[in-house]
Amino acid sequence: MFETQVIIIGAGAAGLMCALSAAARGRRVLVLDHANKAGKKILMSGGGRCNFTNLYCEPANFLSQNAHFCKSALARYTQWDFIALVAKHGVPYHEKKLGQLFCDNKASDILALLLDECEQGGVDIRLDTSVQEIARLDPGGYQLQTSLGPVRGESLVIATGGLSIPTLGATGFGYQVARQFGHQLLPTRAGLVPFTITDPQLKEFCSALSGTAVEDCRISCNGQSFVENLLFTHRGLSGPAILQISSYWQPGDSLSIDLLPHLDLAQWLAEQRQARPNSELKTLLGELFTKKMATLLADSWFQSRPLKQYTPDELKAIAARLHDWQLVPAGTEGYRTAEVTLGGVDTREVSSKTLESLKSPGLYFIGEVLDVTGHLGGFNFQWAWASGYAAAQYV
């Protein structure tokens with residue numbers, strides 16, 4: 001029988017943060033993970049540079065059916081606390097844009113500092129370890145049947161993440177544990193994920209522009225808007241603006257895309273008509289978009305001709321279409337490429353202060369397994385750090 005004080009299932013961002021923080025309180029901690037490597041999602045995040053937090057992190061950057069739940073943990077372990085930990089380990093970093101902080105070198109710098117802190121605290125991390133069964137003990141604690149043999153602990157922390165990117169080992173194990181101990185699960189779906197297009201004409205348009213980015217588009221859906229880059233792919237639409245809005249989109253919803261939110265296009269076209277009446281529409285749009293995109297837009301949407309041949313109302317209509325391109329995606333690329341999972345363990349059944357189950361004492365849920373999902377830009381990592389730290393004060 002392997003006995004310890006704290007058992008954490010999941011050696012990702014939240015699990016490692018909880019482990020090192022609990023160990024710093026003098027707790028004996030065992031971390032179990034079925035993967036062959038800790039922190040796989042950390043290593044591939046941010047294009048391999050790990051967008052580890054955001055300077056402007058606040059509760060408004062998170063989606064949950066219980067909007068107030070995340071406030072307590074985020075207030076107790078802020079972005080500045082994690083930045084201080086990064087500085088302590090001498091990891092060089094930079095702000096990319098919109099408060100997003102990335103490693104100068106590699107994401108492995110973040111994983112290394114977490115593992116280093118765990119090692120200093122005497123945390124026992126066991127990889128390639130499966131958990132077959134969990135039972136609650138009387139009067140307290142939990143016993144697990146694992147590939148290591150039986151394991152017993154006073155507190156059990158579920159830090160297994162969500163369903164996104166199954167190739168990295170994501171499973172629904174955390175949700176199974178939640179159900180076993182009487183928790184409600186809110187419907188899960190892929191978040192921060194590209195859209196697919198199946199409409200033949202639209203798909204042809206996107207495929208022709210595959211790899212083309214449009215800077216600072218405004219994308220709106222269901223009362224939410226984001227201004228960020230858009231990327232055309234051979235399957236549909238991607239890029240930060242698309243990933244952001246995907247968390248608010250439901251099947252059948254229409255997207256409104258403003259390709260030029262920082263320009264009064266109707267006025268600009270009117271001025272160009274005065275100044276350059278013989279210039280072709282595609283030539284002028286080539287000053288605002290890539291030449292390829294300008295040609296495609298002008299020819300397939302507006303039948304390009306010299307500006308003097310358009311009436312003022314026609315130019316207004318062109319501007320209106322480029323400021324409000326309406327389209328209905330066929331769907332998303334799903335968990336295969338999703339950065340996060342929306343939904344999960346209902347936070348109304350978990351203490352916002354301790355992250356402890358209100359159904360089963362000594363059981364804790366942290367990170368992505370909970371119904372808390374951040375925007376793109378380092379917010380999901382900050383939730384992992386904050387929820388892991390908060391639970392560690394009580395396990």
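Residues numbered from 1 in each chain as written. Predicted model: local features only at pLDDT ≥ 70, side-chain atom pairs only at ≥ 80, totals over all residues. Heavy atoms only, no water.

Engineer: What exactly am I supposed to notice about the UniProt feature "domain: RsdA/BaiN/AoA(So)-like insert" (unreviewed entry) in the protein here?
Structural biologist: UniProt feature "domain: RsdA/BaiN/AoA(So)-like insert" (unreviewed entry): in the numbering of this structure it lies at residues 189-340. End C-alpha to end C-alpha, residues 189-340 measures 9 Å, and it is 37% helix and 24% strand. (UniProt positions renumbered as here; feature names shortened; annotations may be inferred. Helix = DSSP H or I, 4+ residues; strand = E, 2+ residues; numbered from the N terminus.)

Engineer: Help me out: how do you make sense of helix α13 (residues 379-392) in this one?
Structural biologist: Across its 14 residues, α13 extends 20 Å between first and last C-alpha, which sits within 8% of the 20 Å expected from 1.5 Å per residue. Most of α13 sits out of view: twelve of its 14 residues are buried. Along α13, the positions that sit buried rather than exposed are Phe-379, Phe-381, Gln-382, Trp-383, Ala-384, Trp-385, Ala-386, Ser-387, Gly-388, Ala-390, Ala-391 and Ala-392. (Expected span 1.5 Å × (residues − 1). Buried < 20%, exposed > 50% of the residue type's maximum accessible area, 1.4 Å probe, protein only.)

Engineer: What exactly am I supposed to notice about the pattern of salt bridges here?
Structural biologist: Charged atoms that come close allow side chains of opposite charge to pair. For the structure on display, the rule yields 13 salt bridges. Ionic pairing is found between Lys-97 and Glu-228, a salt bridge with its closest N-O pair at 3.1 Å. Of this pair, Lys-97 sits in the loop between β6 (93-95) and β7 (100-103) while Glu-228 sits in strand β16 (residues 224-232), and the two are 131 residues apart along the sequence. Residue classification places Lys-97 among the partly exposed positions, given a relative accessible area of 29%. Judged by relative accessible area, Glu-228 falls into the buried class, the value being 6%. A salt bridge links Asp-124 to Arg-126; the shortest N-O distance between them is 2.8 Å. Residue Arg-126 is classed as partly exposed on the basis of its relative accessible area of 28%. By sharing partners, the salt bridges in this structure join Arg-235, Glu-333 and Arg-336 into a single network. (Salt bridge = Lys/Arg side-chain N within 4 Å of Asp/Glu carboxyl O.)

Engineer: Help me out: how do you make sense of the packing of helix α9 (residues 265-275) against helix α12 (residues 312-323) in this one?
Structural biologist: When two helices pack together, their arrangement is given by the angle between the helix axes and the distance between those axes. Running from N to C, α9 and α12 cross one another at 140°; their axes reach a closest spacing of 8 Å. When the interaxial angle is binned, α9 and α12 end up oblique. Considering the relative orientation of α9 and α12, their crossing is right-handed. In this structure, α9 contributes Leu-265, Ala-266, Leu-269 and Arg-273 to the contact, and α12 contributes Leu-315, Lys-316, Ile-318, Ala-319, Leu-322 and His-323. When the residues that make up the contact of α9 with α12 are grouped by side-chain class, the tally is seven nonpolar, one polar and two charged. (Axes fitted to C-alpha atoms, helices over the stretch in contact; angles between N-to-C directions. Parallel < 35°, antiparallel > 145°, perpendicular 65-115°, else oblique. Left-handed = near helix turned anticlockwise from the far one by under 90°. Contact = heavy atoms within 4.5 Å. Nonpolar A, V, L, I, M, F, W, Y, C, P; charged D, E, K, R; others polar.)

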